[in-house]
Amino acid sequence: MTPALLVVALLVVGLALLAIEVLVLPGVGLVGVLGGAAVLGAVALAWAALGTGYGLLALGAGVCATGLLFWAVPRTRAVRKMVLLETQRSGRGPDARLAALIGKEGRALTPLRPAGTVEIEDRAVDVVTDGLYVEAGTPVRVASVEGNRVVVEPQEHQGARGAALHGQDG
């Protein structure tokens with residue numbers, strides 16, 4: 001194989017590996033490093049075997065082809081599907097009305113396993129328990145609110161825990 005043909009082959013292989021790195025295996029790095037090494041190897045081989053002029057030509061071709069690759073790839077349908085183009089202008093923070101529910105009593109509308117829905121003051125509220133399973137229809141009390149996370153506990157569980165804390169039999 002002539003040195004000129006080897007230079008062209010190394011450039012093509014290097015650019016193909018860079019394309020694979022960008023399109024197929026983003027973030028792996030090894031394929032991209034091998035592609036970059038192949039392009040640099042093509043430039044070095046052209047410089048050493050064919051002279052300065054061909055070395056500069058290979059360098060220019062490698063830089064232009066790589067630039068074209070990085071310009072064209074973001075415009076492909078595959079990459080457009082991977083990249084989020086919209087920005088979120090505003091977000092909803094915690095609902096301030098939820099903090100007012102601490103200590104309120106309600107009734108489980110759905111089984112809480114441990115998440116479900118509870119009716120408190122004629123309002124359906126998404127809640128969780130501290131790992132307890134609670135049957136639908138069970139009276140519950142809001143134990144805490146952490147941001148948008150409302151934690152409830154069954155009222156009989158609260159009564160048993162309160163009795164145990166005060167040394168009484170539940």
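Since we're looking at a predicted model, the values are computed, not measured. Position labels on residues start from 1 in each chain and follow its written sequence. In keeping with the model being predicted, local features are shown solely for residues with a pLDDT of at least 70 and side-chain atom pairs are shown and tallied solely at 80 or more, while totals for entire chains, interfaces and linings include all residues. The basis for every side-chain value is the complete set of heavy atoms in the structure, and neither hydrogens nor water enter the calculation.

A. Fine view of the confidence of the model for the chain. Each residue carries a pLDDT score, the predictor's own confidence in it, on a scale running from 0 to 100. Summarising the model, the chain shows a mean pLDDT of 82, and 88% of its residues fall at 70 or more. Secondary structure elements are defined from DSSP: runs of H or I of at least 4 residues count as helices, runs of E of at least 2 residues count as strands, and each element is numbered from the N terminus. Looking over the chain, one finds the lowest element-wise mean pLDDT in helix H6 (residues 155-165), namely 52, and the highest in strand S1 (residues 105-108), namely 96. Should any heavy atoms of two residues lie within 4.5 Å, those residues are considered in contact. Residue range residues 159-170 is modelled with pLDDT below 50. Its contacts to residues more than four positions away, or to other chains, number four contacts.

B. A look at a nonpolar patch on the surface. Taken together, the side chains of Ile 20, Leu 23, Val 24, Leu 25, Val 28, Leu 30 and Leu 34 define a hydrophobic patch exposed on the protein surface, amounting to about 600 Å² of accessible area. Elements with a minimum of two residues in the nonpolar patch: helix H1 (3-23) and helix H2 (30-50). Within the secondary structure, Val 28 is located in the loop between H1 and H2. Classification of Val 28 by relative accessible area gives exposed; the value is 52%. Note that patches include only residues with greater than 30% relative accessible area and no salt bridge, and the join distances are 9 Å for like charges and 5 Å for nonpolar side chains (Val, Leu, Ile, Met, Phe, Trp, Tyr). Using a 1.4 Å probe, accessible areas were evaluated by the Shrake-Rupley method; residue-level cover was limited to the displayed protein chains. Only one rule defines a salt bridge in this text: a Lys or Arg side-chain nitrogen within 4 Å of an Asp or Glu carboxyl oxygen. The rule is simple: take the accessible area with a 1.4 Å probe, protein chains only, and divide by the maximum for that residue type; under 20% is buried, over 50% is exposed, in between is partly exposed.

C. Focus on the packing of H1 against H2. The axes are straight lines fitted to the C-alpha atoms, using for helices just the contacting stretch, and the angles between their N-to-C directions are given from 0 to 180°. The contact between H1 and H2 brings their axes to 7 Å, and the two run at 160 degrees. In terms of orientation, H1 lies roughly antiparallel with respect to H2. For the crossing formed where H1 meets H2, the hand is left-handed. Gly falls in the polar group here, along with every residue not listed as nonpolar (Ala, Val, Leu, Ile, Met, Phe, Trp, Tyr, Cys, Pro) or charged (Asp, Glu, Lys, Arg). Here the residues of the contact of H1 with H2 are counted per class, giving 20 nonpolar, five polar and one charged. Angular relationships are summarised with four words: roughly parallel below 35 degrees, roughly antiparallel beyond 145, roughly perpendicular across 65 to 115, and oblique for the angles in between. For a crossing to be left-handed, the near helix must be turned anticlockwise from the far one by less than a right angle; the clockwise case is right-handed.

D. Just the pattern of salt bridges, in detail. In the structure shown here, the tally under the stated rule is four salt bridges. Its salt-bridge partner being Glu 146, residue Arg 149 comes within 2.9 Å of it at the nearest N-O pair. Overall, the relative accessible area of 37% leaves Arg 149 in the partly exposed class. Judged by its relative accessible area of 46%, Glu 146 is partly exposed.

E. Here's a closer look at the side chain of Thr 129. On the secondary structure map, Thr 129 appears in the loop between strand S3 (123-128) and strand S4 (139-146). By the criterion applied in these results, polar contacts are pairs of N or O atoms within 3.5 Å in which, for protein atoms, one can donate a hydrogen and the other can accept it, and in which residues neighboring in sequence qualify only through two side-chain atoms. A polar side-chain atom of Thr 129 sits 2.7 Å from the main-chain carbonyl oxygen of Leu 132.

F. Quick look at the nonpolar core. The definition of a nonpolar core used throughout is a set of buried Ala, Val, Leu, Ile, Met, Phe, Trp, Tyr and Cys residues joined through side-chain atoms within 4.5 Å. Within the largest apolar cluster, 14 residues are counted, with the highest numbers of intra-cluster contacts made by Leu 112, Val 118, Val 127, Val 142, Val 150 and Val 152. Looking at this core, the elements with two or more residues in it are strand S2 (115-120), S3, S4 and strand S5 (149-154). Once residues lying within four places of it in the same chain are set aside, the contact partners of Val 118 are Gly 106, Arg 107, Ala 108, Leu 109, Leu 112, Arg 123, Ala 124, Val 125, Val 127, Val 140 and Val 152. Counting seven residues, the second largest nonpolar core, distinct from the first, contains Val 7, Leu 11, Ala 42 and Ala 58.

G. Main features of the packing of H2 against helix H3 (residues 52-72). For the pair H2 and H3, the least separation of the axes is 6 Å and the interaxial angle reads 165 degrees. Compared by their axis directions, H2 and H3 come out roughly antiparallel. For the crossing formed where H2 meets H3, the hand is right-handed. Taken together, the residues of H3 that come into contact with H2 (itself represented by Val 39, Ala 42, Val 43, Ala 46, Trp 47 and Leu 50) are Thr 52, Tyr 54, Gly 55, Leu 56, Ala 58, Leu 59 and Gly 62.

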